[in-house]
Amino acid sequence: MLPIFVALLIANALFNVLVWPTFFRRVSRDTRARDAQGRPTRFLVVHAVLIGVALLLAAASLVVGVLAATGVGS
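What you are looking at is a predicted structure, and each value in this text was computed from that prediction instead of being measured.

So, about the side chain of S61. Take S61: it is sitting in helix α2 (residues 42-70). Residue classification places S61 among the buried positions, given a relative accessible area of 11%. Those residues within four positions of S61 in sequence are excluded, and the remaining contacts are L9, N12 and A13.

In this section: the pattern of salt bridges. Taken as a whole and judged by the stated rule, the model has 2 salt bridges. Linking R32 and D30 is a salt bridge whose minimum nitrogen-to-oxygen distance equals 2.9 Å. Residue classification places D30 among the partly exposed positions, given a relative accessible area of 23%. Close ionic contact of D35 with R39 constitutes a salt bridge, the shortest N to O distance being 3.2 Å. Of the residues examined, D35 reaches a relative accessible area of 27% and is grouped as partly exposed. Owing to a relative accessible area of 49%, R39 belongs among the partly exposed residues under this scheme.

Rules behind the numbers
Residues numbered from 1 in each chain as written. Predicted model: local features only at pLDDT ≥ 70, side-chain atom pairs only at ≥ 80, totals over all residues. Heavy atoms only, no water. Helix = DSSP H or I, 4+ residues; strand = E, 2+ residues; numbered from the N terminus. Buried < 20%, exposed > 50% of the residue type's maximum accessible area, 1.4 Å probe, protein only. Contact = heavy atoms within 4.5 Å. Salt bridge = Lys/Arg side-chain N within 4 Å of Asp/Glu carboxyl O.

Here it is as structure tokens:
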């Protein structure tokens, strides 16, 4: 059962690292991302925070997956 959890954690991390930066590029190019003066809007800020949290969780998933795979802490 442990190899399945390790694979899921690592797959989760890889998926997030591949998907969220692409999504952020699309969000940052959206017309709602900046106001008339070129300043970031709440739309951009909220999405940036959410994407940052998702990438942080991806990093945590990767660390836990690698630690579990190597048997550290058991």
